[in-house]
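Letter by letter, the chains look like this.
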Amino acid sequence: MNIAWSGSTRLLIGPEGLGDWLAGFADARPADGSPVTALLLDPAVAKARITALVTAELDRAGHTVLTVVPDGDGGPDEILALARATAHAGLIAVIGGGALLDRAKLLAVAHEDERVRAALRTTGRSGLLTLDPRTRRTRPLLAVPTTVGTGSELSRVACLPHNSGKRLVMSDALAPDAALIDPAATETLPGELLIEGALEAVFRTVGPYVGNLTDRAVEDALAQTAATQLVRLGGALARQLADGQAPDATLRTDLARLSGLTQSTWLCYGRDLFSTEGWMIANELSSALGIRKMTAVAAILPALWRAVLAGDTRLGSAARLRGIWELLRSADSSGDPLPAEPVAGITALMDRWGIARDIAVTPHLLDAVARKTVRAWGAGLPMLGGLRAADVNALLTEAA
């Protein structure tokens, strides 16, 4: 299946969808007439079934495949080196997790635009880098995600290492031309990472919904539907894992599709662009502690929600949080009814899903993370919504 949706990325379902897309693919061909595809590959899936499926479709379409296995830190030097190494390819394809997809997105725009190459090397304090609106990408980009949660395959952003943390790079040119969703891509993904991916997609959907204070009937309905369906899928996944079952292919495919679609502009049309303070704080916390992003998110989520319910409108609307939590708690059927109180409820849900959220840090480190968060995202920059270092420190202290 080959699906056009409201964004610039075409969603491909299964190898048939990929084959259809490649059949209509116009490539810049070298002299011998054979199109060249640079395939960026995560070494963990080099021998996986998804890699065999993708390469078989490329072979069938007559492409010469140049396999590249990145082994750097994903920083500007590696991105630019990858851009040079893949300069002669007419198609960029990538099979891997969100971090590798981000590298492919960045190298694809860096190859064609000196302004992008210069921007990636900038060393300012801001955690957000918005590329020049004139940035374009002429080479097609195919993304095949092997993890669930980031939605990088359908997003217009990419993460780049920066100042011992991560910088969020934003541009319409970063959206891939096509994204392939196939159950083979996640069949070896550990269950704990699958269910973390479900929580990440819930967090990405609910955060902006709660963080904006104004009701918008259409966008609210879309977000509510996406979030409740994600909780249903997460609950079903939790039941399968608790029973010792391998998550079935349909469930993994549905979760991967919906995870990506939560990046849709449909969900946030007309909303404040910067209503994701929780992501920014978790981003800095995970980098400082060297822990997974979702461990950091799970640690701070109850503290964030408690602050919203206490009336801190910089972080969101208490009424909207209570409303969407009522929908989410009724969507989970993986155990006894979840608590009606949102903080107790989300804590119980994360425990039920087996999401790790314990962190051990010193007050000194928490203070350093708070100051670094404000430096990268606040202190005159608009992204942190007016939160000060003391506010961030209080949230982190409660989380720890």
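Residues numbered from 1 in each chain as written. Predicted model: local features only at pLDDT ≥ 70, side-chain atom pairs only at ≥ 80, totals over all residues. Heavy atoms only, no water.

Describing helix 11 (residues 318-331)
Since the α-helix turns once every 3.6 residues, residues separated by three or four places project in the same direction. Keep this limit in mind: In this description a helix means any DSSP run of H or I spanning at least four residues, a strand means any run of E spanning at least two, and both kinds are numbered starting from the N terminus. To estimate how far a helix should reach, multiply one less than its number of residues by 1.5 Å. Buried residues are those whose accessible area, probed at 1.4 Å on protein chains only, stays under 20% of the maximum for their type, while exposed residues exceed 50% and partly exposed ones sit between those limits. Regarding the arc, it is the one traced by the directions from the helix axis to the C-beta atoms. Contact between two residues is taken to exist if any of their heavy atoms lie within 4.5 Å; hydrogens are not considered.
In this model, helix 11 (14 residues) spans 20 Å end to end at C-alpha, consistent with the 20 Å of a helix rising 1.5 Å per residue. Within the sequence span of helix 11, burial applies to A318, R320, L321, I324, W325, L328 and A331. Burial along helix 11 is one-sided: seen end-on, the buried residues are contained in an arc of 145 degrees. Exposed residues on helix 11 whose side chains face more than 90 degrees from its buried face are A319 and S330. Elements in contact with the buried residues of helix 11: helix 6 (191-211), helix 7 (217-242), helix 10 (293-309) and helix 12 (342-352).

Quick look at unusual backbone geometry
Phi angles above zero are rare outside glycine, and A379 is one such case at about 50 degrees. Among the secondary structure elements, A379 is positioned in the loop between helix 13 (363-377) and helix 14 (389-399). Classification of A379 as exposed rests on a relative accessible area of 52%.

Some details on the sheet that holds strand 8 (residues 157-162)
Where we set the bar: Two strands make a pair as long as DSSP finds a minimum of two bridges between them. Axis geometry follows a simple rule: fit a line to the C-alpha atoms, using only the stretch in contact for helices, then measure angles between N-to-C directions, giving values from 0 to 180 degrees.
Strand order in the open sheet made by the three strands is 6-9-8, with mixed pairing throughout. Each having just a single partner strand, strand 6 (128-130) and strand 8 make up the two edges of the open sheet. Across the sheet, the mean angle from the axis of one strand to that of its neighbour is 30 degrees, orientation sign disregarded.

A look at the side chain of T146
The following threshold applies: Polar contacts, as used here, are pairs of N or O atoms within 3.5 Å; protein pairs need one atom able to donate a hydrogen and one able to accept it. Residues neighboring in sequence count only if both atoms are side-chain atoms.
Secondary-structure assignment places T146 in the loop between strand 7 (141-145) and strand 8. One polar contact links the side chain of T146 to the main-chain amide nitrogen of G97, over a distance of 3.3 Å.

A few points about a nonpolar patch on the surface
Put simply, the rule is: Every patch collects residues that have over 30% relative accessible area and no salt bridge, joining them within 9 Å if they carry like charges and within 5 Å if they are nonpolar side chains (Val, Leu, Ile, Met, Phe, Trp, Tyr). The method behind every accessible area is Shrake-Rupley, applied with a 1.4 Å probe, and residues are considered shielded solely by the protein chains displayed. We define a salt bridge as a contact between a side-chain nitrogen of Lys or Arg and a carboxyl oxygen of Asp or Glu at a distance within 4 Å.
Taken together, the side chains of V218, L222 and W266 make up a nonpolar region of the molecular surface, amounting to roughly 290 Å² of accessible area. Topologically, V218 is positioned in helix 7.

Notes on the pattern of salt bridges
Within the structure shown, the criterion is met by 26 salt bridges. Between D77 and R121 there is a salt bridge, with the nearest N and O atoms lying 2.8 Å from each other. Placement of the pair is D77 in helix 3 (residues 76-85) and R121 in the loop between helix 5 (114-120) and strand 6, with a sequence separation of 44 residues. Between D113 and R115 there is a salt bridge whose closest N-O contact spans 2.9 Å. Residue classification places R115 among the partly exposed positions, given a relative accessible area of 35%. One salt-bridge network, held together by shared partners, links D113, R115, D132 and R134.

Regarding helix 14
Of the positions making up helix 14, those classed as buried are D391, V392, N393, L395, L396 and A399. Buried-residue contacts for helix 14 involve helix 9 (277-289), helix 10 and helix 13.

Comments concerning the environment of T67
Mapped onto the elements, T67 comes out in strand 4 (residues 64-68). With a relative accessible area of 43%, T67 lands in the partly exposed category. Along the primary structure T67 and L384 are separated by 317 residues, whereas in three dimensions their C-alpha atoms are 40 Å apart. Discounting chain neighbours no more than four positions away, the residues touching T67 are L39 and L41.

Some thoughts on the pairing of strand 3 (residues 36-41)
Where we set the bar: Note on handedness: a clockwise path from strand one over the helix to strand two, with the strands aimed away from the viewer, defines a right-handed crossover.
Taking burial as the measure, the six residues of strand 3 include six buried ones, the bulk of the element. Of the two faces of strand 3, the one lined by V36, A38 and L40 and the one lined by T37, L39 and L41 are each fully buried. Pairing of strand 3 with strand 4, which is carried by five bridges, proceeds in the parallel orientation. Looking across to strand 4, one finds that A38 is bridged to L66. At this point the chain moves from strand 3, through helix 2 (residues 49-60), to the parallel strand 4, and the crossover so formed is right-handed.

With respect to the pairing of strand 9 (residues 165-170)
Where strand 6 lies against strand 9, three bridges are found, and the strand directions are parallel. Across the sheet, L129 pairs through a bridge with V169, a residue of strand 9. As defined by bridge partners, strand 8 adjoins strand 9 across six bridges and the pair is classed as antiparallel. Note that in strand 9 the partner of L160 across the bridge is R167. In textbook terms, the turn of a hairpin is the stretch between consecutive antiparallel strands, and for strand 8 and strand 9 this stretch comprises two residues, one of which, N163, has a positive phi near 50 degrees.

From the geometry alone we can't say anything about function, so treat these as descriptive.
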